[in-house]
Amino acid sequence: KLDLYALVVALVMTAGSDDSGRQADVLEAYQDEAGQKVARGSFYAWFTEMLLELLRLLLRDAIEAVWERPPLLTGELAELGVKDWLVVDSETVTLPDELAEVFPATSTAAGLKVHKVISLGRNNVVGIEITPARDHDAPRLRLQERWRGMGLIVDLGYVSQALIRECQRLDIALVVRLKNGWKPRMLRTVDECGELIDIDGEPVLDELLDMASGDYDGSNFDFDVVFGCGTGRVTARLVGVPGPTTYHWCITLLPRKRATPELVQRLYRVRWEIELDNKRDKGAARLDQIGARKEASAPILVHASLLRTMLANHLVYLDLRDRPPTRAPLHGMAVALALNGCVARLVDALETDDPRLWQRLAVTIRARGHDPNWRRRPSVLDQLRGLTAPPGRPRAARLRDCPPSASPHPRHAE
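Model, not experiment: these values are computed from the prediction.

Visitor: Can you break down the nonpolar core residue by residue, with the values?
Guide: Burial of nonpolar side chains together is a common tendency in soluble globular proteins. With 121 residues, the main nonpolar core has Leu-11, Trp-85 and Leu-152 as its most contacted residues. When sequence neighbours within four positions are dropped, the list of residues in contact with Leu-11 reads Arg-22, Val-26, Phe-47, Leu-51, Leu-55, Ile-300, Leu-301 and Ala-304.

So this is what it looks like as structure tokens:
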């Protein structure tokens, strides 16, 4: 009775609800897709290491397919001279206590950790590694030769002097916050006229780093600094931008001619995109609703959720590639939720490949998945991409009384 295609489609595309179990919902979807009734025990027995290996291969092939897509770098992202921008972080999946010996965790008894690499230019995941939740993040970040010439944005959990040194070797433009406890020593500074000035000696910047925004005139800081000593000595660029109360300090390897301190700070804020992807995993693909108690079943459901989110991300990528400048872009979470409402039609379209079904799906996803706040509140990534537009007409104003830029569609002269 095992229809492998129907089983994989049910695993990846089943929406379900918060009131039911993941595997129970997959069982119902499979019976509808395969057209035959299967006993619950027999169905659960299909969740084996072989099925897990199949989903691993599918996830690997999906990641390679994303790598083959050309990165969409526009606006300020295109002016930085990098091939693509990568963001690295992880998310934790809580599992039942019965799996504590196989997947040990720290804050809970059992759990898995999903280590991710997201490509901003390809708007999708380009690297995934799944480990027990107890594993630390930093050892899982291994720079690759294919990353040469790209940009890298990481959280403080990955920062080390060895990482800076390896990024310099591979010509990777690193952007990261300054880690607490690090004591950078100043080599050069940029004065008020924009001239780079050498400093006598290597003074430590402790007092400057603790300075509040109100203690200075609100200007930016831009230094060449050194960390460590001897063979472990590394040099980098340290920039400071005033915040609401204190200065925000970032380490970067971007050249000074291409990236101002403000731009470096905005680039680091784009790290939030990987947090949004984690929210799509849990809020739309039910990654946080895994109650499986078998060693193979839990990772199978994790892989299925990740594949589901990658599909939604790819639809946003296609929209970014083809959309006209006057149309609001798709919103990642809205698209992921829109897929939950049209699973049956999507499965029919996959089987029949009817152009009419695909057209209806496109209209539905476009209507439900657009970003309603695009004009009024564009994201930092949209601003860096140059995908912004005038705020539009006020609610109480008539369109004919507003400038042409307030229209969502171009208006032709009468």
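Visitor: Let's hear about the packing of aromatic side chains: which residues, and what values?
Guide: One pass over the structure, following the stated rule, counts 11 aromatic pairs. Each ring, one from Tyr-30 and one from Phe-43, has its centre 5.8 Å from the other, and the planes form 40°; the classification is tilted. Note that Tyr-30 is positioned in helix α2 (residues 22–34) and Phe-43 in helix α3 (residues 40–44), a separation of 13 residues in sequence. Note on accessibility: Tyr-30 and Phe-43 belong to one class, buried. Pairwise contacts between aromatic rings join Tyr-30, Phe-43, Tyr-44, Trp-46 and Phe-47 into one cluster.

Visitor: Residue-level account of the pattern of salt bridges, with values.
Guide: Using the criterion set out here, one finds 31 salt bridges in the structure. When the shortest N-O distance is used, the salt bridge between Arg-293 and Glu-98 registers 3.2 Å. Note that Arg-293 is positioned in the loop between α8 (272–283) and α9 (297–322) and Glu-98 in the loop between β1 (85–95) and β2 (110–119), a separation of 195 residues in sequence. Summarising the burial analysis for this pair, Arg-293 and Glu-98 share the class exposed. Here Asp-137 ties to Lys-113 by a salt bridge, and the two come within 3.2 Å at their closest N and O atoms. Of this pair, Asp-137 sits in the loop between β3 (124–132) and β4 (151–154) while Lys-113 is found in strand β2, placing the two residues 24 residues apart along the sequence. On the basis of relative accessible area, Lys-113 is assigned to the buried category, the value being 11%. Connected through salt bridges with shared partners, the residues Arg-188, Asp-198, Asp-222, Asp-224, Arg-237 and Arg-256 form a single ionic network.

Visitor: Summarise unusual backbone geometry; cite the residues concerned and give the values.
Guide: With phi around 60°, Asp-171 is a residue other than glycine that occupies positive phi space. Tracing the backbone shows Asp-171 in the loop between α5 (161–169) and β5 (173–177). Take Asp-171: its relative accessible area is 53%, and that puts it in the exposed class. The backbone of Asp-353 sits at a positive phi, close to 55°, despite the residue not being glycine. Looking at the element boundaries, Asp-353 is found in the loop between α11 (343–352) and α12 (355–369).

Visitor: Please provide a residue-by-residue account of the side chain of Gln-265, values included.
Guide: Here Gln-265 is to be found in helix α7 (residues 261–269). Not counting residues up to four positions away in its chain, the partners in contact with Gln-265 are Val-241, His-248 and Cys-250.

Visitor: Now, about the environment of Arg-321: what can you tell me, with residues and values included?
Guide: Examined against the element boundaries, Arg-321 turns out to sit in helix α9. In this structure the C-alpha to C-alpha distance between Arg-321 and Pro-372, which are 51 residues apart in sequence, comes to 19 Å. In this structure, Arg-321 is in contact with Arg-69 and Leu-72, ignoring residues within four places of it in sequence.

Visitor: Report on the environment of Gly-194, specifying residues and quantitative values.
Guide: When you line up the elements, Gly-194 lands in the loop between β6 (185–190) and β7 (196–198). For Gly-194, a relative accessible area of 52% gives the class exposed. Separated by 157 residues in the primary sequence, Gly-194 and Lys-37 have C-alpha atoms spaced 73 Å apart.

Visitor: Can you break down the sheet that holds β1 residue by residue, with the values?
Guide: Ordered in space as β3-β2-β1-β4-β5-β10-β9-β8-β6-β7, the 10 strands form an open sheet in which the pairing is mixed. Lying at the two open borders of the sheet, with one neighbouring strand each, are β3 and β7. Each strand axis lies, on average, 25° off the axis of its neighbour in the sheet, ignoring direction. As paired elements, β4 and β5 share 3 bridges and run parallel to each other. The residue of β5 that forms the bridge with Ile-153 is Val-175.

Cut-offs and rules
Residues numbered from 1 in each chain as written. Predicted model: local features only at pLDDT ≥ 70, side-chain atom pairs only at ≥ 80, totals over all residues. Heavy atoms only, no water. Core = buried A, V, L, I, M, F, W, Y, C linked by side-chain atoms within 4.5 Å. Buried < 20%, exposed > 50% of the residue type's maximum accessible area, 1.4 Å probe, protein only. Contact = heavy atoms within 4.5 Å. Phe/Tyr/Trp six-rings, centres within 6.5 Å; stacked < 30°, edge-to-face > 60°. Helix = DSSP H or I, 4+ residues; strand = E, 2+ residues; numbered from the N terminus. Salt bridge = Lys/Arg side-chain N within 4 Å of Asp/Glu carboxyl O. Pairing = 2+ DSSP bridges. Axes fitted to C-alpha atoms, helices over the stretch in contact; angles between N-to-C directions.

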